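Per-entry structural report
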Protein chains: 2
Amino acid sequence: MEGDKKRRRGRASARTTVAKRQTNYCQLRHPFPPQSLISNEAVDRIHKLALKVLSELGLKILLPEARSLFEAAGALVDDDKQMVRIGSDIVEAALESAPKSFRLRASNPLKEQEYAPGSMLFAAGAGCPNATDLKRGRRPGSLLDYQETLKLQQCFDVIHIHGPSVEPQDIAAEFRHYEMMRAQMVLGDKPMFAYARGRAQVSECLEMIALGLNLSDAEMDSDVWCYTVINTNSPRQIDVPMAEGLIDFARAGQLCIVTPFCLAGAMAPVTLAGALVLQHAEALGAIALTQLARSGAPVSYGGFSSNVDMKSGAPAFGTPEHMKLSICTGQLARHVGLPWRSAAGSASNASDMQAAGENHMGLWAATLANATLTVHAAGWLEGGLTFGYEKFINDVEALQTLAELCTSPETDDESLGWEALADVDPGGHFFSTQHTMERYAKAFYEPLVADLSNFGTWTEKGTKSSAERATSIWQTHLDSYQTPQGHDQRAGRLAPYIEARKARGGSRPSS
Amino acid sequence: MEGDKKRRRGRASARTTVAKRQTNYCQLRHPFPPQSLISNEAVDRIHKLALKVLSELGLKILLPEARSLFEAAGALVDDDKQMVRIGSDIVEAALESAPKSFRLRASNPLKEQEYAPGSMLFAAGAGCPNATDLKRGRRPGSLLDYQETLKLQQCFDVIHIHGPSVEPQDIAAEFRHYEMMRAQMVLGDKPMFAYARGRAQVSECLEMIALGLNLSDAEMDSDVWCYTVINTNSPRQIDVPMAEGLIDFARAGQLCIVTPFCLAGAMAPVTLAGALVLQHAEALGAIALTQLARSGAPVSYGGFSSNVDMKSGAPAFGTPEHMKLSICTGQLARHVGLPWRSAAGSASNASDMQAAGENHMGLWAATLANATLTVHAAGWLEGGLTFGYEKFINDVEALQTLAELCTSPETDDESLGWEALADVDPGGHFFSTQHTMERYAKAFYEPLVADLSNFGTWTEKGTKSSAERATSIWQTHLDSYQTPQGHDQRAGRLAPYIEARKARGGSRPSS
């Protein structure tokens, strides 16, 4: 017995060569069932009251074509007041025809995603007019910032789809969409985003995708190659570019992610239930428009509701109210049977404990709510006014941790480890057992930015905070970044188109 | 209609006087059902293998009296090797006699707690030899630090029980327990902690509680007035003071929280399942000892298992492995039907994003696992080597956010807010509606440390990080701290006892 033990230890100390841990966070499914905070009966009451909001109060829709589509479907339209009262039959037909799941295509087939209930997708912080990092400070977003943050999205497979991380303000508004689409196709290979900033830009964005990815009209039409986000102008209003976006993306078979941004106490009722009624009504109204434009068009339910600070009116994120609204929004999404988008985020002005805390709380609410897609999951500071490079890295650590939870512990006999348990004396250690030797290199998640050294070592290394350490991490990743396969062909196909369009003066966004 | 609307707005602008928001986080129940990561069948296999570990491999128990108790119950004891092999009949009888819930008494009846499955209790970071804050830097823990951190625990009702936050190293070991018990009874009024550092100190701690709280022997004996934490010496060993603690606390009817600290890859198998088998075996063995000492004695199942960094051997917290172990430990606790203790915590050396991220992940794992008590929930840095004042404040924000989730959104007609929705034109705002005015002051959680100001305002205020802002918050709370009712009587009763004991030379801890 003793001899046998020694023999095994001898084998163990020979240090079996083990492959380094490989991770794959590309396609994730929620590890926990969706949770609830209100009763199904309350969900049904919110749903019914939202239908009443649509049919009795109506939405103000600024685009005449959208009102005509609703009118043709039987809605009561007042063109003078631009008001549309939408019967529940129209909403119910839309919920019937809207697909319950679809595939987000990408230039790299391995990066494609099922957009379906139960999927767990993350997107980086989006729509930030500014960028910041500890090397260069806070500045208005530039094309370089957009390109760099796209590269960083590309470096981490837990970021599942591209998004408009930073607004490249150094590019004139009429040219900006060219550079944003080019950057996504040349620097990335994941499902893409296009802004709904008016018909001219949207049609050019879709043309660029078909050209860059070398898609036939039929291929473009039959699959989802890009998504846009449609924010309503709460309360109860849809402006011209948003309505155009809903129609044009739907007709092109591309994805509208409908996302009312209902801040309780400001653009929505101060009560969470009231904010949910408004959010739900606006989402259903916008979803209905997509289905009137093209029955069966891909569309995502969505909600990004939170509260405001009642002293300053500033939006809050990661608060209990934000979390409750996310969890209840998940209940409403399940009630209508559609995949849906949530959001994390942070109001913090720095990459500090507040920033981490707010984002973790938002991420956990989205996880409990089984959000299909969580936007602003990494890098969002100042309530979306700034994309933070160091925050992005730290948030990716949180996302990777969540992704790891999608794999349950193994419980086979070898994992239960009877032999290992019998092999180690009371008060001993398992460092050098065969069981450990065979597994140690792949056993645990390897932190991206967390530093586990003791205080002395950490002090010797310069007492760097996790934000400070993140600086060298994003730098290293940008240095070692590799352009995705096929980028040069895509770039080559796009260049002449973009040059020609630029020569003609580009296309201004509508407003 | 329009006139009516104006009239209502007029009323609203008169600003109905509303009471400030009151919170009460004193008694919490988990808002979400417990989650699982492994099958019930796997849980049962872990349980059975743990029983096999106890009966075939056994535990090394260094205290002869403990071995005798096991021997009398039919365990196979080898006194030379100090090994005890414990049959599953002994474990099953212990699980039968251990109470499934009990009340943690306190000097303030409003701060008492039901220690039961479904309860959600938090304790501050515990056992830290050092303290740190941004004003005074990192230093060896002192009595002042212990007193201050007790006051801070007392200031926040989301901290439910007191604990040994900072080790008062400036007090000689033979006097330290006097000062720690006095501080808890004079500065706090919540359920108390006593170290199991040998029979002499334990009996004096219990005497001090009876004296300070003015309890008869019967009152002391029939209720739980304090708790201790028993860490086994993994693997498979229980040392003298731990075994004495299990016996003495049980006999006194006080609470042992059994907590093997199984670091996968170090003192436990590298596989999570193997670590769980070991943790479960040790917990069951220690629980059995309490029941042999006194059948029906209050005891808590517990686990604080995580992984180590396989490069440095340093313990990790808030990692996917820590979280998975917590969630599976919850499954095992439910399997044996006992309330249980988990732990959050952080390996970070600073109050930074890593510190916040690790703690949030640990807290969420404990929440998903429905831990009865989560220790190290606020202020724990460096894997427990340091108590951080600023981290404590930021962690309390996380705890308060979790506590707020225990209240579901109201969904009555008034909350659904039809009138408010009808009252605001499309594109308008809800700031001044009657519905908002009546509710705004109490509608939302008020952040403790989160700063929602915009970047300009935040810059003008000195670009303070959430850690830096936390400094003035703990200072303000210490400044406005009020001693709890009855503190002077408790202090008066304790003083002569402590002086007399000190005059006799105190009591040294055993080891």
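Residues numbered from 1 in each chain as written. Chains lettered and ligands numbered in written order. Predicted model: local features only at pLDDT ≥ 70, side-chain atom pairs only at ≥ 80, totals over all residues. Heavy atoms only, no water.

This part takes up the overall build of chain A. On a plain count of helices and strands, chain A comes out with 20 helices and 19 strands. Taken against the 2.2 N^0.38 rule, which gives 24 Å for 511 residues, the C-alpha radius of gyration of chain A at 25 Å falls within 12% of a compact globule. Overall size of chain A, expressed as C-alpha extent along the three principal axes, is 90 × 60 × 50 Å. Going through the 511 residues of chain A one by one, you find that 64% of them count as buried. (Helix = DSSP H or I, 4+ residues; strand = E, 2+ residues; numbered from the N terminus. Rg over C-alpha atoms; globule rule 2.2 N^0.38 Å. Buried < 20%, exposed > 50% of the residue type's maximum accessible area, 1.4 Å probe, protein only.)

Attention shifts here to the interface of chain B and chain A. Every contact between the two is made by 113 residues of chain B and, on the other side, 113 residues of chain A. On the chain B side of the contact with chain A, Met-353, Trp-418 and Phe-444 of chain B bury the most area, a combined 9% of that side's loss. There are two salt bridges connecting chain B and chain A. The interface formed by chain B and chain A includes 36 residue pairs in polar contact (both at pLDDT 80 or more). Looking at the side of chain B that touches chain A, the element that brings in the most residues is helix 12 (residues 353–368) of chain B, giving 10 residues. In the side of chain B that touches chain A, the residues fall into 58 nonpolar, 31 polar and 24 charged. (Contact = heavy atoms within 4.5 Å. Buried area = accessible area lost by both parts, 1.4 Å probe. Salt bridge = Lys/Arg side-chain N within 4 Å of Asp/Glu carboxyl O. Polar contact = N/O pair within 3.5 Å; in protein donor to acceptor, adjacent residues only side chain to side chain. Nonpolar A, V, L, I, M, F, W, Y, C, P; charged D, E, K, R; others polar.)

A few words on the nonpolar core. One finds Ile-209 and Phe-392 of chain A together with Ile-209, Tyr-301 and Phe-392 of chain B to be the most contacted residues of the largest nonpolar core, which totals 285 residues. Among residues more than four places away in sequence, those in contact with Phe-392 of chain B are Ala-124, Leu-152, Gln-153, Phe-156, Ile-159, Ala-378, Gly-379 and Phe-387 of chain B. (Core = buried A, V, L, I, M, F, W, Y, C linked by side-chain atoms within 4.5 Å.)

This next bit is on the pattern of salt bridges. All names here are of chain A. Evaluation of the coordinates by the stated rule reveals 60 salt bridges over all chains. One salt bridge in this structure joins Arg-139 and Asp-145, with 2.6 Å as the shortest N-O distance. One network of salt bridges, in which partners are shared, links Arg-103, Arg-105, Glu-112, Glu-114 and Asp-223.

Moving on, we come to the environment of Gln-82 of chain A. Residue and element names in this part refer to chain A. Counting through the fold element by element, Gln-82 comes out in the loop between strand 2 (76–78) and strand 3 (83–85). When the C-alpha atoms of Gln-82 and Leu-62 are compared, they prove to be 6.0 Å apart, with 20 residues separating the residues in sequence. Leaving out residues up to four positions away in the same chain, Gln-82 has contacts with Leu-59, Lys-60, Ile-61, Leu-62 and Arg-67.

The next thing to look at is the packing of aromatic side chains. On inspection of all chains with the given rule, the structure shows 27 aromatic pairs over all chains. When the centroid spacing of 4.9 Å and the interplanar angle of 85° are considered together, the rings of Phe-193 of chain A and Tyr-195 of chain A count as edge-to-face. Each member of the pair, Phe-193 of chain A together with Tyr-195 of chain A, is buried. The ring of Trp-418 of chain A has Lys-52 of chain B lying over it, and the distance from NZ or CZ to the ring centre is 4.3 Å. In this structure, Arg-136 of chain B packs its charged tip against the face of Tyr-389 of chain B, placed 5.3 Å from the ring centre. (Phe/Tyr/Trp six-rings, centres within 6.5 Å; stacked < 30°, edge-to-face > 60°. Lys NZ or Arg CZ within 6 Å of the ring centre and 35° of its normal.)

Attention now goes to the relation of the copies chain B and chain A. Each copy superposes on the other: chain B lies on chain A with an RMSD of 0.0 Å after a rotation of 180° and an axial shift of 0.0 Å. Here the transformation between the copies is reduced to the relation of a two-fold axis. Closest to the rotation axis within chain B is the C-alpha of Met-353 of chain B, separated from it by 2.5 Å. Most of the interface of chain B is mirrored in chain A: 100% of its interface residues are interface residues there too. (Least-squares fit on C-alpha atoms with pLDDT ≥ 70 in both.)

Residues and elements named next belong to chain B. Tracing the sequence through the fold places His-30 in the loop between helix 1 (2–13) and helix 2 (40–57). Taking the relative accessible area as the measure of exposure, His-30 reaches 13% and is therefore buried. Between the alpha carbons of His-30 and Val-240 there is a distance of 36 Å; along the sequence they are 210 residues apart. Here His-30 is in contact with Gly-118, Ser-119, Met-120, Ala-366, Thr-367, Asn-370 and Ala-371, once residues within four sequence places are set aside. Of the polar contacts made by the side chain of His-30, one reaches the backbone oxygen of Ser-119; its length is 3.5 Å.

Our next topic: the confidence of the model for chain A. Mean pLDDT for chain A: 95, with 96% of residues reaching 70 or above. The ipTM value of the predicted complex is 0.95, and its pTM value is 0.96. (pLDDT = per-residue confidence, 0-100.)

Residues and elements named next belong to chain A. In this model helix 12 (residues 353–368) runs 22 Å from its N-terminal to its C-terminal C-alpha over 16 residues, within 8% of the 22 Å that 1.5 Å per residue would give. Of all the 16 residues making up helix 12, 16 are buried; the element is thus mostly covered by neighbouring parts of the structure. The N-capping residue of helix 12, defined by a side-chain oxygen 3.3 Å from the backbone nitrogen of Gln-354, is Asp-352. Phi for Asn-370, located one or two positions after helix 12, is positive at around 55°. (Expected span 1.5 Å × (residues − 1).)

Moving on to the packing of helix 9 (residues 240–251) of chain A against helix 10 (residues 272–293) of chain A. Residue and element names in this part refer to chain A. Running from N to C, helix 9 and helix 10 point in directions that differ by 45°, and their axes come no closer than 8 Å. Classified by the angle their axes make, helix 9 and helix 10 are oblique. The handedness of the crossing between helix 9 and helix 10 comes out as right-handed. Note on element contacts: helix 10 touches helix 9 through Ala-286, Leu-289, Thr-290 and Ala-293, opposite Ala-243, Leu-246, Ile-247, Ala-250 and Arg-251. Looking at the contact of helix 9 with helix 10, its residues break down into seven nonpolar, one polar and one charged. (Axes fitted to C-alpha atoms, helices over the stretch in contact; angles between N-to-C directions. Parallel < 35°, antiparallel > 145°, perpendicular 65-115°, else oblique. Left-handed = near helix turned anticlockwise from the far one by under 90°.)

All names here are of chain B. Reading across the sheet, the four strands line up as 8-7-19-18 and stay open at both edges, with mixed pairing between neighbours. The sheet is open, and its two borders are formed by strand 8 (137–140) and strand 18 (380–381), each paired with just one other strand. Note: strand 18 against strand 19 (residues 386–388), two bridges, orientation antiparallel. When the sheet's bridge partners are listed, Leu-381 is paired in strand 19 with Thr-386. (Pairing = 2+ DSSP bridges.)

All right, on to the side chain of Glu-358 of chain B then. Following the sequence through the fold, Glu-358 of chain B ends up in helix 12. Here Glu-358 of chain B sits buried without a salt bridge, and the closest side chain of opposite charge, Lys-391 of chain B, lies 7.1 Å off (N-O distance). The residues contacting Glu-358 of chain B, other than those within four sequence positions of it, are Ala-450 and Leu-452 of chain A together with Phe-317, Gly-318, Gly-345, Ser-346, Ala-347 and Ser-348 of chain B. (Lys, Arg positive; Asp, Glu negative; His and termini not counted.)

With that out of the way, let us pick up the sheet that holds strand 1 (residues 59–61) of chain A. All names here are of chain A. Pairing is mixed in the open sheet, where four strands are placed in the order 2-3-1-11. In this open sheet, the two strands that pair with only one neighbour each are strand 2 and strand 11 (237–238). Sheet analysis places strand 1 next to strand 11, joined by two bridges and oriented parallel. Residue pairing for strand 11: Ile-61 is matched across the bridge by Ile-238. Where helix 2 (residues 40–57) meets the sheet, its contacts fall on strand 1 and strand 3, and the angle it forms with strand 3 comes to roughly 125°.

Looking at the secondary structure, you find Asn-349 of chain A in the loop between strand 16 (340–343) and helix 12. For Asn-349 of chain A, the side chain forms a polar contact with the main-chain oxygen of Ser-453 of chain B, separated by 2.9 Å. In terms of polar contacts, Asn-349 of chain A uses its side chain to reach the backbone amide nitrogen of Phe-455 of chain B, at 3.3 Å.

The next thing to look at is the pairing of strand 7 (residues 130–133) of chain A. Residue and element names in this part refer to chain A. Here strand 7 shows two buried faces, one formed by Asn-130 and Thr-132 and the other by Ala-131 and Asp-133. Where strand 7 lies against strand 8 (residues 137–140), four bridges are found, and the strand directions are antiparallel. Residue pairing in the sheet places Ala-131 in a bridge with Arg-139 of strand 8. Counting the residues between successive antiparallel strands, the hairpin from strand 7 to strand 8 contains three residues. With three bridges connecting them, strand 7 and strand 19 (residues 386–388) associate as parallel partners. Within the sheet, the bridge partner assigned to Thr-132 lies in strand 19 and is Gly-388.

The subject of this paragraph is unusual backbone geometry. All names here are of chain A. The omega angle of the peptide bond from Ser-234 to Pro-235 is 0°, so this bond is cis rather than trans. With respect to the helices and strands, the residue Pro-235 is situated in the loop between strand 10 (226–230) and strand 11. For Glu-382, which is not a glycine, the phi torsion comes out positive at approximately 50°. Along the chain, Glu-382 falls in the loop between strand 18 (380–381) and strand 19. Classification of Glu-382 as buried rests on a relative accessible area of 8%.

This part takes up the pairing of strand 12 (residues 255–258) of chain B. Residue and element names in this part refer to chain B. Alternating residues of strand 12 divide into Leu-255 and Ile-257 and Cys-256 and Val-258, and every residue in both groups is buried. Examined bridge by bridge, strand 10 (residues 226–230) and strand 12 share four bridges and lie parallel to one another. Opposite Thr-228, over in strand 12, you have Cys-256 as the bridge partner. Inspection of the sheet shows strand 12 paired to strand 14 (residues 299–302) by two bridges, in the parallel sense. The residue of strand 14 that forms the bridge with Cys-256 is Val-299.

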